[in-house]
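Single-letter residue listing:
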Amino acid sequence: MPLPPWGVVAAVLILAAGVPTPVRAQAVPLQAPMPVIKAEGYDIALSHALATSSQAASVATFWLKNGGRALLSATPYAPETGITAKRALLGGPGPDVKPGLVAAAAGKAKGAAASARTEPKSDRSRAAEAGNGTRSGTSKNINPPRTIGKAFFMGADGRPHWCSATSVRSDHGDLVVTAGHCVYDIRPGSATTLRNWVFIPGYHRGRAPWGIYIGRQAFTHRDFATYGDADRDYAFVSVADGLAPRRADAGKQSEPWPGNGLGFTDTGRLGDRVGGQGLAYNLRIGRPLLIIGHARRGGSLVSSYGRPFAAADPAIKATGLIGVRPTRTDAVGSPWLAAYRSPRGLGYLNGLTIGFSGTGRTATAVSPYFDGELYTVYDSARQFRAESDNRA
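Here goes a summary of the coordinates provided. All values reported here derive from a predicted model rather than from experimental measurement.

**A word on the packing of aromatic side chains**
Tallying each qualifying case throughout the model produces 10 aromatic pairs. Here the aromatic rings of Trp-63 and Phe-152 are separated by 5.6 Å at their centres, their planes lie at 55°, and the arrangement is tilted. With a gap of 89 residues between them, Trp-63 in helix H1 (residues 56-73) and Phe-152 in strand E10 (residues 148-154) connect regions that are remote in the sequence. A residue is classified by how much of its surface remains accessible, and Phe-152, at 0% relative accessible area, is buried. Aromatic rings pair up to connect Tyr-234, Phe-236, Tyr-281, Tyr-375 and Tyr-378 into one cluster.

This is how it looks when you write it as C-alpha cells:
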C-alpha cells in the first residue's frame, strides 16, 4: 500500500494476517510521571515532562550562549550501567508477537534526504528487505543519515554531556530515540529526567545545520523507570519545533553561534527537516545491521556492519539483550539499522547501543532486543503532540 505523500504517519506493516498488534495509547497531557497504557495486566509505558514551550528559549540559550561553550565542553555520557553481558548459548530474547515494521519517512525540507522516496511495496517485499543485509565488517561508502545527531543534557553529575541519538518516524514528525539512561537519571530510587535535554541532528563542532530541538516529553518502559532494567534501557523523546538563533549580534565570525543569541527563529518540525528512521521489532536475531553513531574520542560519525547475537547478564537479571562484536562506534545511543540504504539515508531501527561489555577491540556493544513491548512504548510516544508554538 503506498504511504501517504505527506509522510508523517507511521505505517505499521504487520507481516502476517491476523497478527496481534500491541495496544495503542492515547496522547497524554504534559505533566507528572504517569502510566500511559496497560498491556499484559500491567503498566508498560511511562511519560515524563521535560520542558514547556515557554521554557524552550531559555534551554536553547543555555547551550548556545558564549559561542556555544556548553556544547563544546560536553563530554560523552557513560554512567555505570553494570552490564557484563556474554553470548547466551541457550535461550535469549525472542518475539512476543509476530514481526512488524514501521516504514521510514523522508524529510520534506529542501535537500533533506531528497533521494529518499518511499516506494509502494508489499508486506512480503518489506519483510525480505529487513531480512537482507550486508556481510559483517567495516562499512564502506556509507552515506551518513541526516536523522543522526547528538542529544545534549546535564548529567546526574551536574556536567554537560552528550549521547548519540536519531530521529524516528512519528505521527507529528517530532520523535527522537536514544538509550534510556541518556534521558533518565538511573541512580537507585530515581526516575527523574536529566535537565536541559536537546537534540541536534547533524551536530559537528558546535554547529547545528538543521536547528536545535528541545525535548518536551519522554517515554520509557515502566521497568526501566522503576527498576533500571537494562532489557528496557531505551527512551523516545517528543521534541518541539526547531530553533535557530537570529543574528541580532554578529559576535565573532569564528564562533559557531552569534554572540549570546538574542532571539530565535523557528526551523520547523524535526521530521520535515531530516526525516525519520523506520522501526522493526520481533525480527530474528542474526540479521546484519548497520551500527552507526559517534566515536567518543573526537565525536565523528563512524559505522560498521555486524550480526547481532543473543546476550545475557544473569548478575543483573538481564536476559533480553543482543550484542555485536566488534563495532567501530563506541558512543551510547548509537542506532542499529536493518536494511539501511545509503542513497536514501534510511532504514529500520532494530537496536541501539546502551553500553559495552568488555574493553578494547573485543568489547561487545549491547542493545535491548526490540520486541512488542518496545513497540508499545514507541506507539505511545509517536502519537503525542507537543505544542508547536515555541518561538522566542
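Having put the structure on the table, let's press on.
**A look at H1**
Helix length check: H1, at 18 residues, gives a terminal C-alpha distance of 21 Å against a target of 26 Å (1.5 Å per residue), a shortfall beyond 12%. At Gly-67, H1 is deflected by roughly 115°, the largest bend along its length. Those residues of H1 that fall on the buried side of the exposure criterion are Ala-56, Val-59, Ala-60, Trp-63, Leu-64, Gly-67, Gly-68, Ala-70 and Leu-71.

**Things to note about the side chain of Asn-282**
Note that Asn-282 resides in the loop between strand E18 (278-281) and strand E19 (289-294). Separated by 3.1 Å, the side chain of Asn-282 and the backbone oxygen of Val-97 make a polar contact. The residues contacting Asn-282, other than those within four sequence positions of it, are Gly-94, Pro-95, Asp-96, Val-97, Lys-98, Pro-99, Tyr-369, Phe-370, Asp-371 and Gly-372.

**Some thoughts on the state of the cysteines**
A full pass over the atoms with the stated rule returns 1 disulfide. Here Cys-163 engages in a disulfide with Cys-182; their sulfurs sit 2.1 Å apart. Torsion about the S-S bond of the Cys-163 and Cys-182 cystine: about -75°, corresponding to left-handed handedness. Here the residue Cys-163 occupies a position in strand E11 (residues 160-168), and Cys-182 occupies one in the loop between strand E12 (175-178) and strand E13 (195-201), the gap between them amounting to 19 residues. For the pair Cys-163 and Cys-182, one class covers both residues: buried.

**Thoughts on the pairing of E11**
Of all 9 residues making up E11, 9 are buried, and the element is well covered by its neighbours. Side chains Pro-160, Trp-162, Ser-164, Thr-166 and Val-168 of E11 all project onto a buried face; the interleaved residues His-161, Cys-163, Ala-165 and Ser-167 project onto the opposite face, where all are buried too. As defined by bridge partners, E10 adjoins E11 across 7 bridges and the pair is classed as antiparallel. By the bridge assignment, Met-154 is partnered in E11 with Pro-160.

Conventions we followed
Residues numbered from 1 in each chain as written. Predicted model: local features only at pLDDT ≥ 70, side-chain atom pairs only at ≥ 80, totals over all residues. Heavy atoms only, no water. Phe/Tyr/Trp six-rings, centres within 6.5 Å; stacked < 30°, edge-to-face > 60°. Helix = DSSP H or I, 4+ residues; strand = E, 2+ residues; numbered from the N terminus. Buried < 20%, exposed > 50% of the residue type's maximum accessible area, 1.4 Å probe, protein only. Expected span 1.5 Å × (residues − 1). Bend = angle between axes of the 7 residues up to and from the residue. Polar contact = N/O pair within 3.5 Å; in protein donor to acceptor, adjacent residues only side chain to side chain. Contact = heavy atoms within 4.5 Å. Disulfide = S-S within 2.5 Å. Pairing = 2+ DSSP bridges.

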